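Each chain is listed here by its residues.
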Amino acid sequence: MATIPEPAAPTGAKGAPAAMPAPAAPAAPSARTDLPVQGMTCAACVRRVERALRATPGVQETTVNLVTQRATVTYDAHATTPAALARAIVDAGYEVPGAPGAPEPTGAPDAPALVSTTAPEAAAGATAPEAAAGATAPEAAAGATRPRQAAEERAAALDAAEQSEQRALRRDVAIAGALTAPLLVVGMSHGAIPALDGAAARWLSLALATVVVLGPGRRFFRLAWSALRHRAADMNTLVSLGTGAAWLYSTAAVVAPGLFPHAAHGHAPPVYFEAAAAIVTFVLIGKLLETRARKRLADAVRGLMALQPRTARRVRGDAEDEVPADALAQGDLVLVRPGERIATDGEVVRGASAVDESMLTGESMPVDKTAGSAVLGGTLNQSGALTFRVTRTGADTALARIVEAVEQAQGSRAPIARLADVVSGVFVPVVLGVAALAFAAWLAVDPSGGGLATAVERLVAVLVIACPCALGLATPAAVAVGTGRGAELGVLVKGGAALEAASRVDTVLLDKTGTLTSGRPALTDVVAVDGGTEAELLGLVAAAERESEHPVARAIVEGARGRGVAVAPASAFRAEIGHGVEARVSGRLVRAGTAAWLGRAGVAADALEAEAERLAAAGRTPSFVAVDGRLAGLVAVADRPTEEARRAVAALRELGVEVAMVTGDRAGAARAVADELGIREVFAEVKPEDKARIVREQRAAGRRVAMVGDGINDAPALAGADVGVALGSGTDIALASADVALLRGGIAALPTALALARATLRTIRQNLFWAFVYNVIGIPIAAGLLYPLTGWLLSPVLASAAMSLSSVSVLGNSLRLRAFGRREAA
């Protein structure tokens, strides 16, 4: 490789070297960290955490996901550290389990740290050791040296944090439920049970409600106070104001009834202890159901990580040692016995076996492995023992890259969520205003003691029925389940934006070779003349071609064997590249190739020229055959469409998607394949650089375009399309260029990907619709706006139950996506 000579140092007036300018500061290394965030309940919390992180010096980009309870931050490793980012979240009023210096989660003292960091990326121009050093943070160095543990540690610590949260919620629900049940009996007896209608019953209700509100309900007050300190309001603000108002009003009515009108006449003011306790209980039940549903959202990632064995059998000399899989390094030799999973990516050096790779590549049949074959971590060794040399570890393995892609996709946002984000930004202040207005209006209508009680009841009902949680969960819940289900089906989607774009695709541009066809020629035609049979001719040609390594020769030999034709041994084999071959078969001289190749031997091919032209026009490649100096016939091969391509094109047509072919192949071959598949629009003889132009033209015509390619040669076209789709396995996939990667079934998985995207967007729309409708209808009813017309009033107890169910219903609707594809498979 040529080197560029260094320029001579500039000199001063007298020839002395001039002072060189200071070298430009190197570009700041970019690092990424994932932080768990506990305590978020709605979209307002997400915004608060994002604001706190963006205010931290050095933060370049941040994404906070309510469903996965995770913040992903890209930052300048010279300016800040993961510990500083965690402190910013804690200062905003939330918890970061596993963060440096953070308290361990209750009930989970042995939980591993969840903070994971990737070292500054290679794109920043730093090597791994330099990047780790540049990050200055011990966490970044750890991320650089042990990247493979990141996803595993995240999952383990998140499990520990969620289990701790579930234990606390179960305890609080049990306490609140046990005390709320008698409160509801007392509060709703309305004199039917005389023993529950006196002063003793009111004091008993005060005692029970106080324990519920200040015990299990204290979490809402603590989080609301934290939000208030940061000049923010969220769901906890609404719940704490609602329960607090009901409890304070009722406590005053019991402790100092003389403060209320008509108390002197023996009329005890009404109390709402059962409402205050029921609000806390129902909201806690909703939170418990949410945590259980959230755990199911991560099943796809957990399932992928479960493929990774924890130990491996390392071979050094004659000794075998069982070591943690994390301890393996490049160059190590590892022995894998039948029935064991392969610990990491590598290359076989000894042994032969069949390996089940279906979980990563989608290859349904076990793949034979011998010396020199590549093996993937997480795949299952079946029949024999293999010794392989480790080639990739940690975040570089196929499995780790797939896990990371799924995690990033689940944490992303879809553009359709913008409306919900805007509404959530003003939701709580608007609800507070509506609640205050309802209180004032009811009190103005009836300023008596009974009117005050009704006004308080309406205030509490409005505060507790409003649910920003459902709005905040509507999009991320569906995106998390949709991308997770996609990973299980072998479809990797980059995130919510890619899902939304894929759901709107109406045109798919497909390459021909290797996408619609197998990429390998296959025997299609045998034409015999001069009284010979096709089987006899094919046997002679296959015998002559058997010594050749040319793809056409291999196709002829495989085609003969596939048709049951015996292939005899040949001698005196001679080949001339680009022209043909010659060999003796059973004492007969066989010559196969172009017409010019036969002409040089004195054999005229004129009798079959018309047939050859017809086959060439249909996309086949003909070869003339002469036997003992006489024209014997011709054979033809072609790169045929695959059965998967037939199914995919038919399925896309059923989805209402137009399919067009874009190929560099000649028009005749392209048209023949297109006609066979039923593709009407063909762009043939297209140079690679022109594919991006065709994508632009299709988009300019108003089409929503998906470009399907290999993700490398087609990178400009993939990037220019509405959705770029890469075909391949987890080892060669180019996620940098593509929005969607099909790991299983090749092109046959494309209709699945588009259908899943449509199902996910449909679910998001359903979630948003019901979340909006719930609040638009529920809040006016709770405020009593419809009372003059219908006589409808909503009690605070029912309002709190409805609020809890709205969030759970959004999660439940999203979880229905986990059944996508199962009914079809059944």
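What you see is a predicted model; the values in this text were computed from it and never measured.

Conventions used here
Residues numbered from 1 in each chain as written. Predicted model: local features only at pLDDT ≥ 70, side-chain atom pairs only at ≥ 80, totals over all residues. Heavy atoms only, no water. Pairing = 2+ DSSP bridges. Helix = DSSP H or I, 4+ residues; strand = E, 2+ residues; numbered from the N terminus. Axes fitted to C-alpha atoms, helices over the stretch in contact; angles between N-to-C directions. Parallel < 35°, antiparallel > 145°, perpendicular 65-115°, else oblique. Left-handed = near helix turned anticlockwise from the far one by under 90°. Contact = heavy atoms within 4.5 Å. Nonpolar A, V, L, I, M, F, W, Y, C, P; charged D, E, K, R; others polar. Buried < 20%, exposed > 50% of the residue type's maximum accessible area, 1.4 Å probe, protein only. Core = buried A, V, L, I, M, F, W, Y, C linked by side-chain atoms within 4.5 Å. pLDDT = per-residue confidence, 0-100. Salt bridge = Lys/Arg side-chain N within 4 Å of Asp/Glu carboxyl O. Polar contact = N/O pair within 3.5 Å; in protein donor to acceptor, adjacent residues only side chain to side chain.

Caption draft 1: Quick peek at the pairing of strand β2 (residues 59-65). Pairing geometry for β2 and strand β3 (residues 70-76), over six bridges, is antiparallel. Pairing of Asn65 across the sheet is with Arg70, part of β3. Count of turn residues in the β2/β3 antiparallel hairpin: four residues, of which Gln69 carries a positive phi of about 55 degrees.

Caption draft 2: Geometry of the packing of helix α6 (residues 199-214) against helix α8 (residues 235-255). The interhelical angle for the contact between α6 and α8, taken along N-to-C directions, is 150 degrees, at an axis separation of 10 Å. Considering their axes alone, α6 and α8 lie roughly antiparallel with respect to each other. In this structure, α6 crosses over α8, and the sense of that crossing is left-handed. Touching Arg202, Trp203, Leu206, Ala209, Thr210 and Val213 of α6 are Trp247, Thr251, Ala253, Val254 and Val255, all from α8. When grouped by side-chain class, the residues that make up the contact of α6 with α8 number eight nonpolar, two polar and one charged.

Caption draft 3: Spatial organisation of the sheet that holds strand β10 (residues 367-369). The three strands lie next to each other as β10-β9-β12, forming an open sheet whose pairing is antiparallel. If you trace the sheet from one side to the other, it starts and ends with β10 and β12 (380-381), each paired once. Where strand β9 (residues 353-356) and β10 come together, three bridges link them in antiparallel fashion. Bridging across to β10, Val355 finds its partner in Val367.

Caption draft 4: Looking closely at the sheet that holds strand β22 (residues 658-662). Read across the open sheet, the seven strands follow the order β14-β26-β25-β24-β15-β22-β23; overall the sheet is mixed. With partners counted over all chains shown, the strands left at the sheet margins are β14 (491-493) and β23 (681-683), one partner each. Each adjacent strand pair in this sheet contributes to an overall mean axis angle of 20 degrees, direction not counted.

Caption draft 5: Inspection of unusual backbone geometry at higher detail. With phi around 55 degrees, Ala572 is a residue other than glycine that occupies positive phi space. Tracing the chain through its elements places Ala572 in strand β17 (residues 570-576). Of the residues examined, Ala572 reaches a relative accessible area of 58% and is grouped as exposed. Look at Asp628: it is not a glycine, yet its phi comes out positive at around 55 degrees. Within the element layout of this structure, Asp628 appears in the loop between β20 (621-627) and β21 (630-638).

Caption draft 6: Representation of the pairing of strand β6 (residues 319-324) in the model. Note: strand β5 (residues 311-316) against β6, six bridges, orientation antiparallel. Bridge assignment links Arg316 to a residue of β6, and that residue is Ala319. Counted along the chain from β5 to the antiparallel partner β6, the turn is two residues long, and its residue Gly317 has a positive phi close to 70 degrees.

Caption draft 7: The nonpolar core, seen in detail. Ranked by internal contacts, the top residues of the largest apolar core, which has 85 residues, are Met40, Val49, Leu53, Ile89, Tyr94, Phe427 and Val462. Counting residues per element, this core draws most heavily on helix α9 (residues 273-297), which supplies 10 residues. When near neighbours in sequence (up to four residues on either side) are disregarded, Ile89 contacts Leu35, Val37, Val49, Leu53, Ala71, Tyr94 and Val96.

Caption draft 8: Representation of helix α16 (residues 496-503). Across the eight residues that make up α16, a large majority, six, are buried. Buried residues of α16: Gly496, Ala498, Leu499, Glu500, Ala502 and Ser503, and no others.

Caption draft 9: Main features of the confidence of the model for the protein. Averaged over every residue, the pLDDT of the protein is 78; the share at 70 or more is 78%. Below pLDDT 50 for its whole length, residues 101-148 participates in 90 contacts with residues either more than four positions away or in separate chains. In this model residues 729-735 is a low-confidence stretch, pLDDT under 50, and it forms 23 contacts with partners more than four residues away in sequence or in other chains.

Caption draft 10: Examining the pattern of salt bridges more closely. One pass over the structure, following the stated rule, counts 30 salt bridges. We note a salt bridge from Arg485 to Glu488, for which the minimum N-O separation is 2.9 Å. Within this pair, Arg485 and its partner Glu488 are both found in helix α15 (residues 468-488), separated by three residues, close to a single helical turn. Residue Arg485 is classed as buried on the basis of its relative accessible area, which comes to 7%. Since its relative accessible area comes to 24%, Glu488 is described here as partly exposed.

Caption draft 11: Focus on the side chain of Lys369. Within the fold, Lys369 resides in strand β10. Taking the relative accessible area as the measure of exposure, Lys369 reaches 7% and is therefore buried. Reaching out from Lys369, the side chain makes a polar contact with the backbone oxygen of Ala374 at a distance of 2.7 Å. Leave out the neighbours within four places in its chain, and Lys369 touches Val348, Gly351, Ala352, Ser353, Val355, Glu357, Ala374, Val375 and Leu386.

Caption draft 12: Seen up close, the packing of helix α7 (residues 218-229) against α8. Two elements in contact, α7 and α8, have axes separated by 8 Å at closest approach and are oriented at 125 degrees. Here α8 runs oblique to α7, going by the angle between their axes. Helix-helix and strand crossings are classified by hand; for α7 and α8 the assignment is left-handed. Contacts between α7 and α8 pair Phe220, Phe221, Leu223, Ala224 and Ala227 from the former with Met235, Asn236, Thr237, Val239, Ser240, Thr243 and Gly244 from the latter.

Caption draft 13: Molecular detail of the environment of Arg458. For Arg458, the location among the structural elements is in helix α14 (residues 449-465). As a C-alpha pair, Arg458 and Ala436 span 22 residues in sequence and 9.4 Å in three-dimensional space. Discounting residues that sit within four places of it in the chain, Arg458 has contacts with Trp442, Ile781, Ala782, Ala783, Gly784, Leu793, Leu794 and Ser795.

Caption draft 14: The arrangement of the environment of Ala455 in detail. Note on placement: Ala455 falls in helix α14. When near neighbours in sequence (up to four residues on either side) are disregarded, Ala455 contacts Phe439, Trp442 and Leu443.

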